[in-house]
Amino acid sequence: MDKFIVEISKKSRKSYIENKAVLFTIDGCGQSYFDCGVIPEVYATVDFGISSNASQCFDFMRKVQKGGPLVNSELYPGWLTHWQESESIVKSIDVVKQMKVAQRIKPVISDVPLPFEDLDINCGLVIYETTLTDDQKNVENPVNLTVNTVQVGTMNWLKANTTISLNINRTVQNLSILIENQGRINFGDFIEDRKGIFDQVILGNKILSPWEMTAYPLNYTSWISSIKSVENINSVKLPAFYKTQFTLPVCHSIKPSIDKQ
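Since the model is a prediction, treat every value here as computed from it, not as a measurement.

### Considering the side chain of Asn-181
No. 1: Looking at where Asn-181 falls in the secondary structure, it is placed in strand β10 (residues 173–181).
No. 2: With relative accessibility at 11%, the residue Asn-181 sits in the buried group.
No. 3: At a separation of 2.8 Å, a polar atom in the side chain of Asn-181 contacts the main-chain carbonyl oxygen of Asn-122.
No. 4: Asn-181 has contacts with Phe-116, Asn-122, Cys-123, Gly-124 and Lys-195, leaving out every residue within four places of it along the chain.

Written out as structure tokens, the structure reads:
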């Protein structure tokens, strides 16, 4: 690759797009591709098909692209068929599995809280976390709150419970706000039923920032298997997902009694 020509091409494109788009490169799943294809100040992505090891491919990308999302910019769901070759057919379930295998729950860091829509979350939960050092304050938002992983209250706008007082020591503590999307209103004045925190969170006269936001989408649940299980329930730190196993009793069939006249 001619580095000089590549640099001229990069500067030319940046002069047109400025900061309105992201320039990125595409390299195959192998170290040799990234050794040759990476361009400074250009986002490095990877491409691979359904037969590849997604985690390994993303590891190649992460070696050169330290930050940002993991991106497969060209996912090959199948391959072409040449004359006199057996038809190349790929099961759709295999494509879905490959697309989901790389889905990882990663937090987003921002100076302001982002609503569900900005986090690209349709349903499920989002936990907003920050560090604070204030006295007793007031918070307004329909949420579940935890201080140092201990739940201290729940707010629900349907029950007109939208204000809560917190007893917070002066020592540094973590404040977590867990918001659950329990459905969307689809009529009337509340048709634009967005979810999450849309404005600044203020304790007393202090605007809390920055925030670490972790989304837990529930329209797909493949990521749940990656959560490390804890056997001792007393060591569980909130928020948490609980699971158990139980055996249903034997169900005997019931036959209706019919009186014959």
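After that view of the structure, there is still more to cover.
### Let's talk about helix α3 (residues 54–64)
No. 1: Inspection of α3 places Ala-54, Cys-57, Phe-58, Phe-60 and Met-61 among the buried residues, and these make up the whole buried set. Taken down its axis, α3 places every buried residue within 150 degrees of arc, on the same side.
No. 2: Where α3 begins, the side chain of Asn-53 points an oxygen toward the backbone nitrogen of Ser-55, at a separation of 3.2 Å.

### Topic: unusual backbone geometry
No. 1: Each neighbour pair has its own omega, and for Ser-209 with Pro-210 the value is -5 degrees, a cis peptide bond.
No. 2: In this structure, Pro-210 sits in the loop between β12 (206–207) and β13 (211–217).
No. 3: Look at Glu-41: it is not a glycine, yet its phi comes out positive at around 65 degrees.
No. 4: One can find Glu-41 in the loop between α2 (31–37) and β2 (43–49).

### Details of the state of the cysteines
No. 1: In total, this model carries one disulfide according to the counting rule given.
No. 2: Between the sulfur of Cys-29 and that of Cys-57 lies a disulfide, 2.1 Å long from S to S. Taking the sign of the torsion about the S-S bond as the criterion, the disulfide between Cys-29 and Cys-57, at about -95 degrees, is left-handed. Of this pair, Cys-29 sits in the loop between β1 (24–27) and α2 while Cys-57 sits in helix α3, placing them 28 residues apart in sequence.
No. 3: Looking at Cys-57, the relative accessible area reads 0%, which means it is buried.

Thresholds, definitions, all that
- Residues numbered from 1 in each chain as written.
- Predicted model: local features only at pLDDT ≥ 70, side-chain atom pairs only at ≥ 80, totals over all residues.
- Heavy atoms only, no water.
- Helix = DSSP H or I, 4+ residues; strand = E, 2+ residues; numbered from the N terminus.
- Buried < 20%, exposed > 50% of the residue type's maximum accessible area, 1.4 Å probe, protein only.
- Polar contact = N/O pair within 3.5 Å; in protein donor to acceptor, adjacent residues only side chain to side chain.
- Contact = heavy atoms within 4.5 Å.
- Arc of directions from axis to C-beta.
- Disulfide = S-S within 2.5 Å.

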